[in-house]
Structures are given as C-alpha cells and as structure tokens.
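Next come the chains, spelled out residue by residue.
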Amino acid sequence: MEQFKYREANGFIHLARNNIKVEDEQGRVVYFTYNNKRYEFKRALSIRKVFNELVGYYLAKDFGFDALDYDIAFYNGSLGTINESLDEEKKASNSTINIGNIFSKLFKSNRNTLDNIWLAVEMEVRKNKNIKNKDEVIAYIMNQIVNIFLFDVLISNTRRDLNDIYFIKNRRMGKLSNNDYLLSNAMYDGKYGISIKEDEDTHSLLSFLNMSDSSYAKVLKDKLSLISDDNLNKIFDKIEKQIGDGIPIDIREEMLIKFRINRQIVSNALDIYEKKLLMSK
C-alpha cells in the first residue's frame, strides 16, 4: 500500500507515524481513517499469522478472486495486517448480498454446508423483486461459493467466516477477505471452512468430488499449481518487494513444507476420484 509513507526497517507499516485517525477498537480489530479512507488493522497472534494472511491474499488473487488488498503493519505494540474496510458496503443490504447475513436467518453457524448455503442464497434472491435474471444470479453466486470451497481446500482452511463473502446485486461481482486461517489443521482431518454434509465423518474433499460435476475436479487439478514451490516462491518475492524487506527464512521454509504436504493430500484425493471415475465407465 504505497499510500502509507512510513515503514519500519522490517517492512511493517508504522501506523502511528502515518498519523492515522483511530475511530473504533473491537477486540483485535482497530478501525481507522487515513487520507479519507477507512481501514481495518487486525492484530495477529504471531508473525507467522501476519505472513500467512499476506500469502493467502496473493493466492486468492492468483485463484481469480476479487480479494481485498492486504499489507503488514505495526500499531500500539502489536503486529498485524491492514486492509480497506468493507463494513459500510456490508451494511448496505439494499445493494449487497452478504452470505453470512442471509445464512444466519435460517441456520446456525456450524451448519454452513454447501446445500444449506444454496438454500439461503436461493430464498434471498427469489424474494428480491429488484434482482433480474434470478436463475443466473443464483448459479453465479453458488459457483463462486464452490470456488471458495476449492480455494479453502488448496490453502488448508478449516474456518471460513461467511460474513467475509458478499456479492453486489445485479452485478457479477464478489469480494473475499480474511485468509488468516491459511495452513490450519484441515490437511490432517480433511474438514474445511465450508462443509459438504452436516456431521461429515469422511474426507469432505472426496465426498465433494464424488457428488459434484467433474468440471470442479478439473478446476481443482488446474489450480493445484498455485501451491507449488515455484508459485509460492514467486509470491514470497512479491511480498518482499511490497514490504521492502525479507520474509523470515523459517516462515518461508515452514510454508513450503506444509504446502507440499497439502498438495500431496489433494493430489491423492484427485487420484482416487479419477480412478473411481474410470472404473465406472
């Protein structure tokens, strides 16, 4: 974010030196304005979490999402990330469809399965008289939701806050934010931020592949290169250019190792699916 002038020697934007105007603090999130724009600073539990979210941002962009721009920052003794705030747009329910809002009207948060999300989206779109081409809008939104699930598979994300996904009505646009759960324990238990079935006991990726159109398996296979060593090293280089300093070597190496593990797990699931598909022909 070139609009912020002052960075520390380690690449973190020094918010106090940039004379930000703090508006509110809610838990680990600080809302502030700078040059007439509203931003969020999110305190991180560790420096690894900071770089996890920044890598998640670049991976989301590579996947094809309209992801929020992220940077790393320092404020009041804490390290964290900053991004332009979406709160005002999220609250503008007359112009946006916030997936979290419409989902919570029907279901509890632990029931965020693809089927339940589909039902919530369909009910919201069908009842809105201002939305034209309802079938197309529903199909577009759900295709994006499935892509988010596939993205969570790639980044090994066990948490996906549906409030961080919203769509602008009558325009084929969506926003995705909050990727700080990169490389969580999904790679070990096969459960992701968006579920396939309630109380899923089997590997949810295989369940998804077995019940979905084969085109999604192709998407996942094509996107697998995003978490290759080559692409991750390119992302590390972009981050270092952005912040003007290096990523700690132990964090780089840890990410490469964990992504290799996840890449193998996803590849194995795709192999099992493809063999089963061949046998059924």
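Now for a quick tour of the structure. (Residues numbered from 1 in each chain as written. Predicted model: local features only at pLDDT ≥ 70, side-chain atom pairs only at ≥ 80, totals over all residues. Heavy atoms only, no water.)

## Considerations on the packing of helix α5 (residues 134-155) against helix α7 (residues 204-211)
- With their axes 11 Å apart at the nearest point, α5 and α7 run at an angle of 145 degrees to one another. Of the two possible hands of crossing, α5 and α7 adopt the one that is left-handed. The residues of α7 that touch α5, namely those facing Val146, Phe149, Leu150 and Val153, are Ser204, Leu205 and Phe208. (Axes fitted to C-alpha atoms, helices over the stretch in contact; angles between N-to-C directions. Helix = DSSP H or I, 4+ residues; strand = E, 2+ residues; numbered from the N terminus. Left-handed = near helix turned anticlockwise from the far one by under 90°. Contact = heavy atoms within 4.5 Å.)

## Quick word on the packing of helix α4 (residues 114-127) against α5
- Orientation of α4 relative to α5, taken along the N-to-C sense of each, is 150 degrees, at an axis distance of 10 Å. In terms of orientation, α4 lies roughly antiparallel with respect to α5. As α4 runs across α5, the sense of the crossing is right-handed. When α4 is examined against α5, the residues Leu114, Ile117, Trp118, Val121, Glu122, Val125 and Arg126 are found in contact with a partner set consisting of Lys134, Asp135, Val137, Ile138, Ile141, Met142, Ile145 and Val146.
- Counted by class, the contact of α4 with α5 contains 11 nonpolar, no polar and 4 charged residues. (Parallel < 35°, antiparallel > 145°, perpendicular 65-115°, else oblique. Nonpolar A, V, L, I, M, F, W, Y, C, P; charged D, E, K, R; others polar.)

## With respect to the side chain of serine 228
- Structurally, serine 228 can be placed in the loop between α8 (214-223) and α9 (229-243).
- With a relative accessible area of 19%, serine 228 lands in the buried category.
- Within polar-contact distance, the side chain of serine 228 engages the backbone oxygen of serine 225 at 2.8 Å. (Buried < 20%, exposed > 50% of the residue type's maximum accessible area, 1.4 Å probe, protein only. Polar contact = N/O pair within 3.5 Å; in protein donor to acceptor, adjacent residues only side chain to side chain.)

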